[in-house]
Number of protein chains: 2
Amino acid sequence: MQKAFTITPTQIACSSCNLREFCLPADFTDEELHKLEALTSTKRAYRRGDYLYRSGSKFESLYAIRTGFFKTQVLHEDGREQVTGFQMAGEIIGLDAISTDIHACDAVALEDSEVCELPFNRLEELSRQLPTLQRHLHKIMSREIVRDQGIMLLLGSMRAEERLAAFLLNLSQRFAARGYSASAFRLRMTRQEIGSYLGLKLETVSRTLSYFQESRLIDVHNKSIALLDMTRLLGLVGQQRATPF
Amino acid sequence: MQKAFTITPTQIACSSCNLREFCLPADFTDEELHKLEALTSTKRAYRRGDYLYRSGSKFESLYAIRTGFFKTQVLHEDGREQVTGFQMAGEIIGLDAISTDIHACDAVALEDSEVCELPFNRLEELSRQLPTLQRHLHKIMSREIVRDQGIMLLLGSMRAEERLAAFLLNLSQRFAARGYSASAFRLRMTRQEIGSYLGLKLETVSRTLSYFQESRLIDVHNKSIALLDMTRLLGLVGQQRATPF
DNA sequence: AATTACGTTTGATATAGGTCAAAATCCGTG
DNA sequence: CACGGATTTTGACCTATATCAAACGTAATT
């Protein structure tokens, strides 16, 4: 059996799954590591456009993204859709389904991706035995709640420019945390999907990006984007309007 | 020792706490019931305007609302505030703090209220021993995630009328679930707080309510409100605009 | 009962972002 | 490489909601 976890300065990284969010503070016995390894062993590949799960389908497992990029969306009866999040490597997806045992949203791959399936029953069982894992699971769920509240703040009180700036900086941070460039990356989603996430129309997203470009804040060409001035971008967030006077 | 739980057709209700959300499917031993009872024994009273906890303070416990009404809000650096929820009897509050051990929002009593304190360490410990409790805790957290996603949909894609209609119907449902009238109740929050929650200015809230009143959908006088036509109100939600033709 | 502070309503006007439309660009496929 | 569909950009115009301001109610306080 290969070693399930490798030591890093402050954390243990799961080698089989590359689960940033699932990385755990140390001290497990070999026995426990073995169990954790077993839990995360089922991997699966998805092509761009594939559904990881659909709203309404039965909940069995959480999914940990190994590589790739997903979006989650809820569909309103009348056809309106709301993108509720973009998920990347190391993030856990499917938490919303625990409440009813039915998935409450769709999860769609935005590029070819790999995920680890985490059967939830076994995860619960294991987390009864391993307080560290239990605590970790709770933190992951809580973090999702905090994230959602941040989006409420964004949707409820920010102007288009602020929303977009916050969005770009958030992506930047998450790429950086994974060892990619914080200042240049490829957007995996369309303007329409960005708009849905941010509560804006795609035209507004496009216009605002163009405006950022003129202002030398960013450099966009289609899906490639470079953040040229993070400081000013950061300054934009939390500005009721562009410099009161 | 008084009996901790009383049987209802499908659930067990916690007598000490009146914890709708904490009600659990049956089969606990007396021993287990005793432990649950002990967990939920610390009660506390709050006056209108009191803070249950503040953003930035250390996380120790979740709180189950026994009676009364709270709001939770996050404050942005620049002074903007976003109300992230209104909580009533039987609901659990404080889940956001688990992620960092620091409260991420304020919780403020909107009327005189009573809460049960649930020390989180002991809750985790107990839920390791009682799978039913564990599952329940997970469902509560997941339900919060689903709720938040619903609000994202509301904030991201609904017009003012829809938002308000959805808001009123949501309150109505929750009052009804607690045995109060579904069609007449007192709003515990100001127009400003409603607006913050719904991503609208207080004037827009006021105007929209006035418009609903003219349309004989509701009857408002200050904080007392009666829903006169729930069907039409429901029809409003999910309408891109008022009857296309 | 008078005073004050706070919350609400309503009106007039401004504006951010939506809508509709056309052109430009990108990308996958035969 | 050329085609066709999807995505993006840009323009012109419109509207829902914000903003500013004033009057009005309501509820707590003395």
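The coordinates are above.
Let us look at the structure shown here. None of these values were measured; they are calculated from a predicted model.

Residues and elements named next belong to chain B. Residues of strand β9 (residues 106-109) alternate between two faces, with Asp-106 and Val-108 on one and Ala-107 and Ala-109 on the opposite face, all of them buried. In the sheet, strand β6 (residues 69-75) pairs with β9 via 4 bridges, with the strands oriented antiparallel. Directly across from Gln-73, in β9, lies its bridge partner Asp-106.

Now for the packing of aromatic side chains. Residue and element names in this part refer to chain A. A full pass over the atoms with the stated rule returns 20 aromatic pairs over all chains. Residues Tyr-46 and Phe-70 carry aromatic rings whose centres are separated by 6.4 Å and whose planes lie at 75° to one another, so their mutual orientation is edge-to-face. Here Tyr-46 is found in strand β3 (residues 42-46), whereas its partner Phe-70 is found in strand β6 (residues 69-75), with 24 residues between them in sequence. As far as the burial class goes, Tyr-46 and Phe-70 line up, both buried.

Right, let's talk about the protein's contact with DNA strand C for a bit. Near DNA strand C you find 19 residues, and of these Ala-160, Thr-204 and Arg-207 of chain A together with Ser-206 and Ser-210 of chain B are the closest. Of all DNA strand C atoms lying within 4 Å of any protein atom, the proportion belonging to sugar or phosphate reaches 65%. Here Glu-203 of chain A contributes a side-chain N or O atom positioned 3.2 Å from a base nitrogen of DNA strand C. The separation between a phosphate oxygen of DNA strand C and a polar side-chain atom of Ser-210 of chain B is 2.7 Å. Those elements that place two or more of their residues in the surface near DNA strand C are α6 (202-214) of chain A together with α6 (202-214) of chain B. For the surface near DNA strand C, the element with the most residues is α6 of chain B, which contributes 5 residues. For the surface near DNA strand C, the class distribution of residues is 3 nonpolar, 7 polar and 9 charged.

Attention now moves to the relation of the copies chain A and chain B. Between the two copies, chain A and chain B, the superposition gives an RMSD of 0.0 Å; the rotation angle is 180° and the shift along the axis is 0.0 Å. Taken together, the turn and the small shift mark the pair as related by a two-fold rotation axis. For chain A, the residue whose C-alpha comes nearest the rotation axis is Arg-128 of chain A, separated from it by 2.2 Å. Most of the interface of chain A is mirrored in chain B, where 100% of its interface residues are also at the interface.

We now examine the protein's contact with DNA strand D. Surrounding DNA strand D, one finds 18 residues, the nearest of these being Ser-206 and Ser-210 of chain A together with Ala-160, Thr-204 and Arg-207 of chain B. Near-protein atoms of DNA strand D (within 4 Å) split between backbone and bases, with sugar and phosphate holding 60%. Here a phosphate oxygen of DNA strand D and a side-chain polar atom of Ser-210 of chain A are 2.7 Å apart. Here a phosphate oxygen of DNA strand D sits 2.7 Å away from a polar atom, N or O, in the main chain of Ala-160 of chain B. Of all the secondary structure elements, the ones that give two or more residues to the surface near DNA strand D are α6 of chain A together with α6 of chain B. If you tally residues by element for the surface near DNA strand D, the top one is α6 of chain A, at 5 residues. When grouped by side-chain class, the residues that make up the surface near DNA strand D number 3 nonpolar, 7 polar and 8 charged.

Criteria and cut-off values
Residues numbered from 1 in each chain as written. Chains lettered and ligands numbered in written order. Predicted model: local features only at pLDDT ≥ 70, side-chain atom pairs only at ≥ 80, totals over all residues. Heavy atoms only, no water. Buried < 20%, exposed > 50% of the residue type's maximum accessible area, 1.4 Å probe, protein only. Helix = DSSP H or I, 4+ residues; strand = E, 2+ residues; numbered from the N terminus. Pairing = 2+ DSSP bridges. Phe/Tyr/Trp six-rings, centres within 6.5 Å; stacked < 30°, edge-to-face > 60°. Near = heavy atom within 4 Å. Polar contact = N/O pair within 3.5 Å; in protein donor to acceptor, adjacent residues only side chain to side chain. Nonpolar A, V, L, I, M, F, W, Y, C, P; charged D, E, K, R; others polar. Least-squares fit on C-alpha atoms with pLDDT ≥ 70 in both. Contact = heavy atoms within 4.5 Å.

On their own, these measurements won't tell you what the molecule is for.
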